[in-house]
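# Summary of the model geometry
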Amino acid sequence: MSLELLTVAFFGALIFFLLLGLPLVFVLGGVSVVFLYFTWGPGAFFMVASQMWGSMGSFTLLAIPLFVFMAMVLERAGVAQSLYTMMHLWWGGVRGGLAIGTVGICAIFGAMCGISGAAVVTMGTIALPRMLERKYDKELALGCINAGGGFGILIPPSIIMILYSLITGTSVGKLFAAGVLPGLLLLVLISGYIAIRCRLQPHLGPALPPDERGTWSEKLVALRAVALPMLIVVMVLGSIMGGVATPTEAAALGVAGALFSAAVHRQLSWGMIREASLRTFRLTGMIVWILFAAHAFSSAYQGMGAQDLVQDLVSGIPGGPWATIILFQVVIFFMAMVLDPLGIMLITLPVFLPVVVAMGFDPVWFGILFIINMEIGYMTPPFGFNLFYLKGIVPPSIKMGDIYRSVVPYVAVMILAMAIVMVFPEIAIWLPGVLF
Amino acid sequence: QDTVRWRVQSHWPNASSSFSDSLERLKTTLETRTDGRFVLQLHEAGALFPAREIFSAVSRGVIEMGTISPAYIRDRVSVAGIASGLPFAFRNTWEAAYFHKNLGFEEMIRAEVAEHGVFYATDKVYPTEMVVKSPIESLADFESLKIRSSGALQEFLTEAGAAATYLPGPELYPALATGVVDGAHWGAVQGAKSMGLYEVAKYHVHPALNIAGTDAFVISQDALDALPEDLRDILLNALEEQFWFRTNEYTYKEQIALAAAKAEQGVQVTRLPDEVAQHLAAAATAAWEKEAEKSEMAAEALEKLKSFLADLGHIER
Amino acid sequence: MRVFSRYVEAVTALNNRIGHLSAFLVIPIFLLLLLEVGLRYLAGSPTVWTNELAQMLFGAYVLLAGGFLLANGGHANVDILHGRFRPRQRAAVDVFTSTLMFAFVGALLYFSSSMAWESVSRLEHSMSAWNPPVWPLRLLIPIATALLLLQGLAKLIVDLQVLFGRTPPQSAGTLSAEDAS
Ligand code: NA
Ligand code: NA
């Protein structure tokens, strides 16, 4: 069978079994095993077990249970509720204000954390119920968490950027610096989208009725709710920037801060810890088993010769440099619908980067486009990590269809952001030029 | 005639100079000399197997060939600890090359690795060197250092009094940038450059922590035996040439990379003060003896090494 | 027939018990990382063992979640069509798709056992500066996979019972009240 047909069958099988409702982990793992059997032989199954062992040893994944645990504690201790009550009192008059506030918190979280999954689960736990309670449209709310939850890989520190630099030889420091302004651009565009949408359709993000917006003294008292979350942000960010801890270790300081906050709220109890641990276990287990299977899936595709396919594709490109850059992004976009970011990087970058450099483009700038594209990939159906992580925490009343639909406008906004960075490369390369 | 295709899993990421200079070079050599009858399909680090699983995968015959560091097989091959580098043993790269090839050390590794159904060929010998954020001017400076290290060197640096800590590759750059650690080693100059370490640590430390055959090819013996005789000869000859070619080329590229790092990134080369160098040399001999305890063959290899170093006048016997 | 229902109950109870105990591992993981940061930053003496031990606990932690999650419907799926099926249709589809799950879990069980066997036979260590034995963790992969497989069989039994007109026990394939929080 030709590689093109094999590719269609491979991803076709993924989509078919996903639609039939088999859990993602078994779809990814099962499709890998079946295709490995026919293209390589049963000996290749060793790859599945051995990739699993590799993921178990990945230190950066330790941040996931810690950030999730932090979120569960903050949720159970009422810190999150106070924070959103405060936001509502202050932003109550602004339609969609809570969603915009949520995107802002996502950006702060993005600076505290180098990976995507932890932020999605954290914000899904803390922010989603608060927005739904206040009659926000569920798709608006789900989408803003999906989009904001991916900021972690664009705003430094970022594990994906470090992997990009390992594969391409680009400077990590320049990439980190280059991610800052595009990260802010995304924040502005997404907030702007929410603001405009809610202005036109007030029922999507209803404002607080004027008589409930509180007096100035109530507002000032409510500000106390910011103190504890701020303390945690200072502890985590401060420890990273101050050279106290690596981004992964800093997550442990976040947990310490959350437990302290719970104590201040007089909610620290054995029962609370027990419940928070159990929910953390469910989510972390779900996330990491998906990662296990996703690694096997992209390894299987690479074992089938994926890179040759990409190579052929590139050699057949007509048109000039800009057409090539755009086509690369289109290829990455479609791959990101069904593959995990690391797999996409390993398959495409060794082929794309030499072409990008030969055409005289800045690899740092291309890296930022690539990473925004990965961020989009985290939330494009059928398989995006953020979608499934969110599915793991939402109440049963929210279906995958809601989550899938919720991302559509946000994907459009992020493609717009990518186009802006494409047309105005300075947004990405100005800051690294100043710093390095 | 049929084309032979081998799957090769590398432990080098794509951006590592060795991925192209060593692996792609071998691929091209083989394709040229066999008129395209012998094709290596290269996979960069992590694509099919995690680095530390490559040896098992080759040993099981799941893939025909891989590249590894002998440090990954220290628990299976008793001389691998010596192969991956005893601290402060050789002073020049040629000495390590001579010890491997002319004094029969590589044959000792091969004999032990063969028990796992694997053929072993050293890619090159080269130094491992530290980069630090501020120069080491005294023993007290050294002992207050937080160094990112790994494996045997981490043990050695800890024994020698520094605060050696392990961080995985992706955590290294941010940790060094913010000062979680003050220094690190990742290969020598080219390695440090590929990880961006010179952006945040400007002092390159001489002498080397070790000089060793830190990169190697591993080939499934079954796959090797199954090759037509002419292909097998071409492969084995190419590997033998590769060692000398790459060792020499790597030495050259290190020097070029260092010159560029000095000129473009303001890197300075510092030498360890005598008191630190002597302190480390003393600590090193204790580390050597530990390796000798692993097996009779390891003891024999160390004996061979010590008499070689004594002949060179580096140590007293 | 009673024996099947007993099996389902027993396996589900086993995975639940294991899950409820493993869930607490997040606490030592947190404490170990905190300890390492403290020792390195405040005392200037990092250890060789804290982060690696935390890593090993993490490995065990996520492995043991596999069967527990299946017992509690915790592996995320796409419910666009699945949610609209009538119970019997759904059971039939699940029986069909479970072949793919068994292919994955079976392959994983076979090869992780062979990997674990190799590791145990040479009492594998991690080769880090601390160098702890890692064979118990390798051995845990086939054990956790077996727990997942047993739970998969339990789910298959329940689906077949639904398909052939019996009501499913509460515990398998649905969220138990305690975990629905
Ligand atoms: Na980040
Ligand atoms: Na996607």
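Counting restarts for each chain: residues are numbered from 1 in the order of the written sequence. Chains and ligands are labelled by the order in which they are written, letters from A for the one and numbers from 1 for the other. At least 70 in pLDDT is required for a residue's local features to be given in this predicted model, at least 80 for side-chain atom pairs to be given and counted, and no such filter applies to totals for whole chains, interfaces and linings, which use all residues. Hydrogens are left out, water is left out, and the side-chain values use all remaining heavy atoms of the structure.

A word on the overall build of chain B. Helix and strand definitions here come from DSSP, where helices need a minimum of 4 consecutive H or I residues and strands a minimum of 2 consecutive E residues; each element is numbered from the N-terminal end. Looking only at helices and strands, chain B has 13 helices and 11 strands in total. The atom set for the radius of gyration is the C-alpha atoms, and the globule formula is 2.2 Å times the number of residues raised to the power 0.38. A compact globule built from 317 residues would reach a C-alpha radius of gyration of about 20 Å, and chain B, at 20 Å, matches this within 12%. If you line up chain B on its principal axes, its C-alpha atoms span 65 × 45 × 30 Å. Using a 1.4 Å probe on the protein chains alone, a residue whose accessible area is under 20% of its type maximum counts as buried, one over 50% counts as exposed, and one in between counts as partly exposed. With 317 residues in all, chain B has 59% of them scored as buried. Sequence-distant contacts, at least 24 apart, represent 75% of the contacts inside chain B between residues at least 6 apart. Each charge class in chain B was averaged separately, 29 positive and 45 negative side chains, and the resulting centres sit 3 Å apart. Any pair of residues with heavy atoms lying within 4.5 Å of one another is described as a contacting pair. Note on charges: Lys and Arg go in the positive column, Asp and Glu in the negative column, and His and the chain ends are not counted at all. Note on charges: their place is set at NZ of Lys, CZ of Arg, CG of Asp or CD of Glu.

With that out of the way, let us pick up the nonpolar core. Of all hydrophobic cores here, the largest spans 318 residues; its most connected members are A:Ile194 and A:Phe388. If one sorts the elements of this core by residue count, helix α14 (residues 270-303) of chain A sits on top with 19 residues. If sequence neighbours within four positions are ignored, A:Phe388 has contacts with A:Leu18, A:Leu24, A:Met286, A:Ile290, A:Pro382, A:Phe383, A:Met400, A:Tyr404, C:Ala76, C:Asn77 and C:Val78. In this description, a nonpolar core means a group of buried Ala, Val, Leu, Ile, Met, Phe, Trp, Tyr and Cys residues linked to one another through side-chain atoms lying within 4.5 Å. Listed in part, the 24 residues of the second largest apolar core include B:Trp6, B:Phe38, B:Leu227 and B:Leu235.

As a further point, take the interface of chain A and chain C. Many authors give the size of an interface as the accessible area that is lost as the parts come together. Listed as interface residues are 70 residues of chain A and, on the opposing side, 61 residues of chain C. In this description, buried area is defined as the sum, over both parts, of the accessible area (probe of 1.4 Å) that is lost when the two are combined. Between chain A and chain C the total buried area reaches about 5,900 Å² when both faces are included, carbon and sulfur atoms providing 78% of it. Three residues, A:Phe281, A:Arg282 and A:Trp289, lead the burial of chain A against chain C; their summed loss comes to 14% of the area buried on that side. The salt bridge definition used is simple: a Lys or Arg side-chain nitrogen within 4 Å of an Asp or Glu carboxyl oxygen. The interface formed by chain A and chain C contains 2 salt bridges.

Bringing the coordination of the sodium ion (ligand 1) into the picture now. Residues and elements named next belong to chain A. Water is not among the atoms examined, so metal sites may look incomplete; donors are the N, O and S atoms within 2.8 Å of the metal, or within 3.2 Å for Na, K and Ca. Around the sodium ion (ligand 1), the protein supplies Gly-110 (O), Cys-113 (O), Gly-152 (O), Ile-155 (O) and Pro-157 (O) as donor atoms, at distances of 2.2 to 2.4 Å. As a motif over one chain, the donors of the sodium ion (ligand 1) read G-x2-C-x38-G-x2-I-x1-P. Taken as a pair, Gly-110 in helix α6 (residues 97-112) and Pro-157 in the loop between α8 (138-148) and α9 (159-168) lie far apart in primary sequence, 47 residues in all. For the residue pair Gly-110 and Pro-157, the accessibility class agrees, reading buried in each case.

Residue and element names in this part refer to chain B. One can find Asp-21 in helix α1 (residues 17-33). Judged by its relative accessible area of 15%, Asp-21 falls in the buried class. N or O atoms within 3.5 Å of each other form a polar contact, as long as, within protein, one can give a hydrogen and the other can take it, and as long as residues adjacent in sequence are counted only when both atoms are side-chain atoms. Looking at Asp-21, its side chain comes within polar contact range of the side chain of Lys-253, at 2.9 Å. The contact partners of Asp-21, leaving out residues within four places of it in the chain, are Arg-246, Glu-249 and Lys-253.

Residues and elements named next belong to chain A. The element α8 is largely enclosed, with a buried count of 9 among its 11 residues. Of the residues making up α8, those classed as buried are Leu-140, Ala-141, Leu-142, Gly-143, Cys-144, Ile-145, Asn-146, Ala-147 and Gly-148. The backbone nitrogen of Glu-139 lies 3.3 Å from a side-chain oxygen of the residue at the head of α8, namely Asp-137.

Aromatic ring pairs: the centre-centre distance and the angle between the two ring planes describe each pair. Stacked, tilted and edge-to-face pairs are distinguished by plane angle, under 30 degrees for stacked and over 60 for edge-to-face with tilted covering the rest, among Phe, Tyr and Trp rings (Trp via its six-membered ring) whose centres lie within 6.5 Å. Under the counting rule described, the total for this entry stands at 41 aromatic pairs over all chains. A ring pair is formed by A:Phe10 and A:Phe297, whose centres lie 4.4 Å apart and whose planes are at 10°; its orientation type is stacked. Taken together, the residues span a long stretch of sequence, with A:Phe10 in helix α1 (residues 3-19) and A:Phe297 in helix α14 at a distance of 287 residues. Summarising the burial analysis for this pair, A:Phe10 and A:Phe297 share the class buried. Seen from their ring centres, B:Phe90 and B:Phe99 are 5.6 Å apart, and the 50° between their planes marks the pair as tilted. The burial state of B:Phe90 is the same as that of B:Phe99; both residues are buried. A network of ring pairs unites the aromatic residues A:Phe10, A:Phe11, A:Phe35, A:Phe297 and A:Tyr301 as a single cluster. For the cation-ring pair, C:Arg138 lies above A:Trp53, with the distance from its terminal atom to the ring centre recorded as 4.0 Å. Whether a charge sits over a ring comes down to the Lys NZ or Arg CZ being within 6 Å of the ring centre and within 35 degrees of the ring normal.

This next bit is on the pattern of salt bridges. Under the definition given, this model contains 33 salt bridges over all chains. B:Asp21 is the partner of B:Lys253 in a salt bridge, and the nearest nitrogen-oxygen pair spans 2.9 Å. With B:Lys253 in helix α11 (residues 229-265) and B:Asp21 in helix α1, this pair connects stretches of sequence that are 232 residues apart. By relative accessible area, B:Lys253 is classed as partly exposed at 27%. For the salt bridge of C:Asp159 with C:Lys155, the shortest nitrogen-to-oxygen distance reads 3.0 Å. With a gap of 4 residues between them, C:Asp159 and C:Lys155 both fall in helix α5 (residues 135-163), about one helical turn apart. Residue classification places C:Lys155 among the partly exposed positions, given a relative accessible area of 26%. Residues joined in a network through salt bridges with shared partners are A:Glu75, A:Arg76, A:Arg130, A:Glu133, A:Arg134 and A:Glu275.

Residue and element names in this part refer to chain B. The buried fraction of strand β2 (residues 38-43) is high, at 5 of 6 residues. When DSSP finds at least two bridges between two strands, those strands are taken to pair. Taken together, the 6 bridges between strand β1 (residues 4-9) and β2 define a ladder with parallel strand orientation. Among the inter-strand pairings, Val-8 is bridged to a residue of β2, identified as Leu-42. For the crossover from β1 across α1 to β2, the handedness is right-handed. Handedness is read with the strands pointing away from the viewer; a crossover is right-handed when the path from the first strand over the helix to the second is clockwise.

Before going further, it helps to spend a moment on the packing of α14(A) against helix α1 (residues 2-22) of chain C. Packed helices, taken two at a time, are described by the angle their axes make and the gap between the axes. Running from N to C, α14(A) and α1(C) point in directions that differ by 115°, and their axes come no closer than 9 Å. Our classification of the angle between α14(A) and α1(C) gives roughly perpendicular. Seen from α14(A), the contacting residues are A:Arg274, A:Leu278 and A:Phe281; seen from α1(C), they are C:Gly19, C:His20 and C:Ser22. Among the residues making up the contact of α14(A) with α1(C), the classes are represented as 2 nonpolar, 3 polar and 1 charged. Note on geometry: axes are C-alpha line fits, over the in-contact stretch for helices, and angles between N-to-C directions span 0 to 180 degrees. Should an angle fall under 35 degrees it is called roughly parallel, over 145 degrees roughly antiparallel, and 65 to 115 degrees roughly perpendicular, with every other angle called oblique. Just so you know the grouping, Ala, Val, Leu, Ile, Met, Phe, Trp, Tyr, Cys and Pro go in nonpolar, Asp, Glu, Lys and Arg go in charged, and all remaining residues, Gly too, go in polar.

Moving on, we come to the coordination of the sodium ion (ligand 2). Residues and elements named next belong to chain A. The sodium ion (ligand 2) binds to the protein through Ala-336 (O), Gly-377 (O), Thr-380 (O), Thr-380 (OG1) and Phe-383 (O), with metal-donor distances spanning 2.3 to 2.7 Å. Between consecutive donor residues of the sodium ion (ligand 2), the sequence gaps follow A-x40-G-x2-T-x2-F. With respect to class, Thr-380 is no different from Phe-383; both count as buried.

Each partner contributes to the interface: chain B provides 31 residues, whereas chain A provides 39 residues. Buried area between chain B and chain A, summed over both chains or domains, comes out near 2,800 Å², and the portion from carbon and sulfur atoms is 63%. Its largest share of buried area at the contact with chain A, chain B owes to B:Arg7, B:Pro170 and B:Glu171, together 18% of the area lost on that side. The interface formed by chain B and chain A includes 0 salt bridges. Our enumeration of links across chain B and chain A arrives at 14 residue pairs in polar contact (both at pLDDT 80 or more). Counting residues per element, the ones that place at least two in the side of chain B that touches chain A are β2, α2 (54-59) and α8 (169-178) of chain B. Looking at which element gives the most residues to the side of chain B that touches chain A, the answer is α8(B), with 6 residues.

A few words on the side chain of A:Asn386. All names here are of chain A. Position of Asn-386 among the secondary structure elements: in helix α19 (residues 385-391). Judged by relative accessible area, which is 0%, Asn-386 ranks as buried. Within polar-contact distance, the side chain of Asn-386 engages the side chain of Ser-116 at 2.8 Å. The contact partners of Asn-386, leaving out residues within four places of it in the chain, are Ser-116, Val-120, Asn-146, Gly-149, Gly-150 and Tyr-378.

Another point: helix α2 (residues 24-39) of chain A. Residue and element names in this part refer to chain A. Along its 16 residues, α2 runs 22 Å from first to last C-alpha, staying within 8% of the 22 Å computed at 1.5 Å per residue. All of the buried residues in α2 are Leu-24, Val-25, Phe-26, Val-27, Leu-28, Gly-29, Gly-30, Val-31, Ser-32, Val-33, Phe-35 and Leu-36. Just past α2, the residue Gly-41 takes up positive phi, approximately 110°. What a helix is expected to span follows from its residue count: subtract one and scale by 1.5 Å.

Residue and element names in this part refer to chain B. Read from one edge of the open sheet, 5 strands run β2-β1-β3-β10-β4, paired in mixed fashion. The sheet is open, and its two borders are formed by β2 and β4 (118-128), each paired with just one other strand. Looking at each pair of strands side by side, their axes are set apart by 20° on average, direction ignored.

To continue, consider the sheet that holds strand β5 (residues 130-132) of chain B. Residues and elements named next belong to chain B. Spatially, 6 strands are ordered β7-β6-β8-β5-β9-β11 in an open sheet, and the strand pairing comes out mixed. Two strands lie at the open edges of the sheet, namely β7 (163-165) and β11 (268-271), each paired on one side alone. Each strand of the sheet is rotated relative to its neighbour by a mean of 30°, with strand direction disregarded. When β5 meets strand β8 (residues 183-185), the two strands line up antiparallel, connected through 3 bridges. The residue bridging Met-130 from the neighbouring strand is His-185, located in β8.

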